[in-house]
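Now for the letters of each chain:
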Amino acid sequence: MEMVLALLVSGIVVLLVLLGLFVFGLRRRLIQRSGGTFDCSLRWNVPETDPAPDGKGWVYGVARYNSDRIEWFRVFSYAYRPRRLLERASIEVLERRPPLGDEELALLSDAVVLICSHRGTRLELAMSEDALTGFLAWLEAAPPGQRVNVA
């Protein structure tokens, strides 16, 4: 009887893990179905005097263009709502750099780091070179009258 109970509990655990993985995949499909998405890691509220970046604080995510804002979603989350909203008119690009030190291990292999300011908060976005080209083009394509700062 104990063996049957152990098998039943093991089966339920395996089923729950598979269900969780399925929900992660389904959530990502739903986020990406409208198009305009790209892989984008985020480091929020970065101190201006950050010595040598050590790779800590980066969160892997998916960003989606939605009109005049970017919606940023954590990859390892079940939430369907974006974790961060970045409005085009409030994004100021300060600097562009390659990953430094341990950041190379924390980010995707082809990532470029973009240091930005959004409503007074300093943040870093890490994305591929292709995604960066699209992001900068999106920033510069702001409607007439909107101030866009691209370094």
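Residues numbered from 1 in each chain as written. Predicted model: local features only at pLDDT ≥ 70, side-chain atom pairs only at ≥ 80, totals over all residues. Heavy atoms only, no water.

**Some thoughts on the sheet that holds strand β1 (residues 37-39)**
Taken in spatial order, the 4 strands of this open sheet run β1-β3-β4-β5, and their pairing is antiparallel. Because the sheet does not close on itself, it has two edges, and the strands there are β1 and β5 (84-87). Neighbour-to-neighbour, the strand axes of this sheet turn through a mean angle of 25°, independent of strand direction. Bridge count between strand β3 (residues 61-66) and strand β4 (residues 69-74): 6 bridges; the pairing is antiparallel. Residue pairing across strands places Arg64 opposite Glu71, the latter belonging to β4. Lying over the sheet, helix α3 (residues 129-140) contacts β1, β3, β4 and β5, oriented at roughly 35° with respect to β3. (Pairing = 2+ DSSP bridges. Helix = DSSP H or I, 4+ residues; strand = E, 2+ residues; numbered from the N terminus. Axes fitted to C-alpha atoms, helices over the stretch in contact; angles between N-to-C directions. Contact = heavy atoms within 4.5 Å.)

**Points about the pairing of strand β7 (residues 111-118)**
Most of β7 is tucked away: 8 of the 8 residues are buried. Side chains Ala111, Val113, Ile115 and Ser117 project from β7 onto one buried face, and the interleaved Val112, Leu114, Cys116 and His118 project onto a second face that is buried too. As paired elements, strand β6 (residues 91-97) and β7 share 6 bridges and run antiparallel to each other. The residue bridging Arg97 from the neighbouring strand is Val113, located in β7. Looking at chain direction, β7 and strand β8 (residues 121-128) are connected through 8 bridges and run antiparallel. The residue bridging Val113 from the neighbouring strand is Ala126, located in β8. From the end of β7 to the start of β8, which pair antiparallel, there are 2 residues, and Arg119 there has a positive phi angle of about 55°. (Buried < 20%, exposed > 50% of the residue type's maximum accessible area, 1.4 Å probe, protein only.)

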